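Secondary and tertiary structure notes
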Amino acid sequence: MTKYDVIVIGGGAAGLSGALALVRSRRSVLVIDDGSPRNAPADGVHNFLTRDGVPPRELYAIGRQEVEGYGGEFVDGTVTTARRDEQGFTVELVDGTAYRSRRLLLTTGLTDVLPDVPGLAERWGKDVVHCPYCHGWEVRDQAIGVLATSPMALHQVQLFRQLSDDVTLFLHTAPEPTDEQWEELAARGISVVQGKVEQLEVTDDRITGVRLEGGKVVPRQALAIQTTVRARAGFLADLGLEPTLVESNGVEVGTAVQVDGMGATQVPGVFAAGNVANPMAQVMPSAAAGLMAGAGLNFDLISEETRLAVAARSS
């Protein structure tokens, strides 16, 4: 069985960037990818300098070509387990195929858990959006709704107000705003609708409104939501690496794998980058984190090789 210097699990921006740094340092690298990036439903990647608007799959295809150009290898598949022994790591895929490496780079991303409202999942990544920096320009000047499921909606609605004069906050299941927050919403001309949202109204493949319990429909063209994110890291259990809870201003964001500044996890030889380690990262910072993790892995390997070389010279 071929033993690679590094196996990268996940072929998105972070994984490809880390792989590129490693192969350019003459490391043998295998990238295992299941072909389901988080941003697959999106028409384009935004705020990625020189690539703004490029479809996600096109961006990743370019990245694959660059990594392959330096000798990197790719396997399409889903990792089910990763184990460590004295010789390194063994990664097993769902079809039973196994690969070995000296180090691992985890860039599997995360899963968005959508609010339980009929119609959201079908419009996700189209006119149901979550990030004003990722999709805000595309819904500018439209009638935008913001579905509140936590206090974070008060922050989100102000960001989308920057993009349109017609913004409505649906309180749904979120707590009642404070007096100060009510004042801020009024001052910015943000409408507030109380009551639970029942479903989305869709006509000709476009959102036309938000239906409340009781039947009232508020016309809207786009809806911003907050998702709860879950690190795609279930296969790490045998390594003793568990995702931890991530909070922002006391509100649960989701789970992530904890890393240091270079992407190293608590398990020696295992690094992580991208959304699996930072749920808030967009594509460009994910790529940057992948580069840092690749550099960290290369130096980790150099340190081991230097130690072995010194021991061999002294024997």
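Residues numbered from 1 in each chain as written. Predicted model: local features only at pLDDT ≥ 70, side-chain atom pairs only at ≥ 80, totals over all residues. Heavy atoms only, no water.

Glancing now at the overall build of the protein. Looking only at helices and strands, one finds 7 helices and 19 strands in the protein. Out of the 315 residues in the protein, the part that is buried amounts to 50%. Here the contacts in the protein between residues at least 6 apart in sequence split such that 61% fall between residues at least 24 apart. For the protein, the centre of its 27 positive side-chain charges and the centre of its 40 negative side-chain charges are spaced 7 Å apart. (Helix = DSSP H or I, 4+ residues; strand = E, 2+ residues; numbered from the N terminus. Buried < 20%, exposed > 50% of the residue type's maximum accessible area, 1.4 Å probe, protein only. Contact = heavy atoms within 4.5 Å. Lys, Arg positive; Asp, Glu negative; His and termini not counted. Charge placed at Lys NZ, Arg CZ, Asp CG, Glu CD.)

Moving on to helix α1 (residues 13-23). Burial of α1 is extensive: 10 of the 11 residues sit out of reach of the surface. Among the residues of α1, those classed as buried are Ala13, Ala14, Gly15, Leu16, Ser17, Gly18, Ala19, Ala21, Leu22 and Val23. Packing partners of the buried residues in α1 comprise β1 (3-9), β2 (29-33), α2 (56-69), β3 (73-76), β6 (98-106) and α7 (283-314).

So, on to the sheet that holds strand β9 (residues 144-147). Spatially, 5 strands are ordered β8-β15-β9-β10-β11 in an open sheet, and the strand pairing comes out parallel. Two strands close off the open sheet at either side, each with one partner strand: β8 (128-129) and β11 (191-193). Seen against the sheet, helix α5 (residues 153-161) touches β8, β9, β10 (167-170) and β15 (222-224) and runs at an angle of roughly 165° to β10. (Pairing = 2+ DSSP bridges. Axes fitted to C-alpha atoms, helices over the stretch in contact; angles between N-to-C directions.)

Moving on to the pattern of salt bridges. According to the stated counting rule, one finds 19 salt bridges in the structure shown. A salt bridge links arginine 64 to aspartate 76, with the shortest nitrogen-to-oxygen separation between them at 2.9 Å. Remark: aspartate 76 occurs in strand β3 and arginine 64 occurs in helix α2; sequence separation between them is 12 residues. Judged by its relative accessible area of 60%, aspartate 76 falls in the exposed class. Salt bridges sharing partners connect three or more residues here, namely Asp5, Arg27, Arg102, Arg103, Asp300, Glu304 and Glu305. (Salt bridge = Lys/Arg side-chain N within 4 Å of Asp/Glu carboxyl O.)

With that settled, the discussion passes to the packing of aromatic side chains. Applying the stated rule across the entire model yields 0 aromatic pairs. Of note, arginine 140 hangs over the ring of tryptophan 137, and the distance from its end group to the ring centre comes to 4.0 Å. (Phe/Tyr/Trp six-rings, centres within 6.5 Å; stacked < 30°, edge-to-face > 60°. Lys NZ or Arg CZ within 6 Å of the ring centre and 35° of its normal.)

Let's shift gears to the pairing of strand β5 (residues 88-93). Within β5, 5 of the 6 residues are buried, which leaves it mostly tucked inside the rest of the structure. In terms of strand pairing, strand β4 (residues 79-85) meets β5 through 6 bridges, oriented antiparallel. By the bridge assignment, arginine 84 is partnered in β5 with phenylalanine 89. With 4 bridges connecting them, β5 and β6 associate as antiparallel partners.

Ordered by their spatial adjacency, 3 strands build an open sheet running β12-β13-β14, and the pairing between neighbours is antiparallel. Edge positions in the open sheet fall to β12 (197-203) and β14 (217-219), since each of these has one partner strand only. For this sheet, the mean angle separating the axes of adjacent strands, direction not counted, is 30°. Of the strand pairs in this sheet, strand β13 (residues 206-212) and β14 are connected by 3 bridges, and their pairing is antiparallel.

The next thing to look at is the side chain of serine 17. Within the element layout of this structure, serine 17 appears in helix α1. Owing to a relative accessible area of 18%, serine 17 belongs among the buried residues under this scheme. When near neighbours in sequence (up to four residues on either side) are disregarded, serine 17 contacts Ala287, Gly290 and Leu291.

With that settled, the discussion passes to unusual backbone geometry. A positive phi angle is found at arginine 26, which is not glycine, with a value near 65°. In this structure, aspartate 141 takes a positive phi of about 65° despite not being glycine. Checked against the element boundaries, aspartate 141 lands in the loop between α4 (132-135) and β9. With relative accessibility at 65%, the residue aspartate 141 sits in the exposed group.

By the secondary structure assignment, alanine 222 is in strand β15. Aside from chain neighbours lying at most four places away, what touches alanine 222 is Asp127, Val139, Gln142, Ala143, Ile144 and Gly145.

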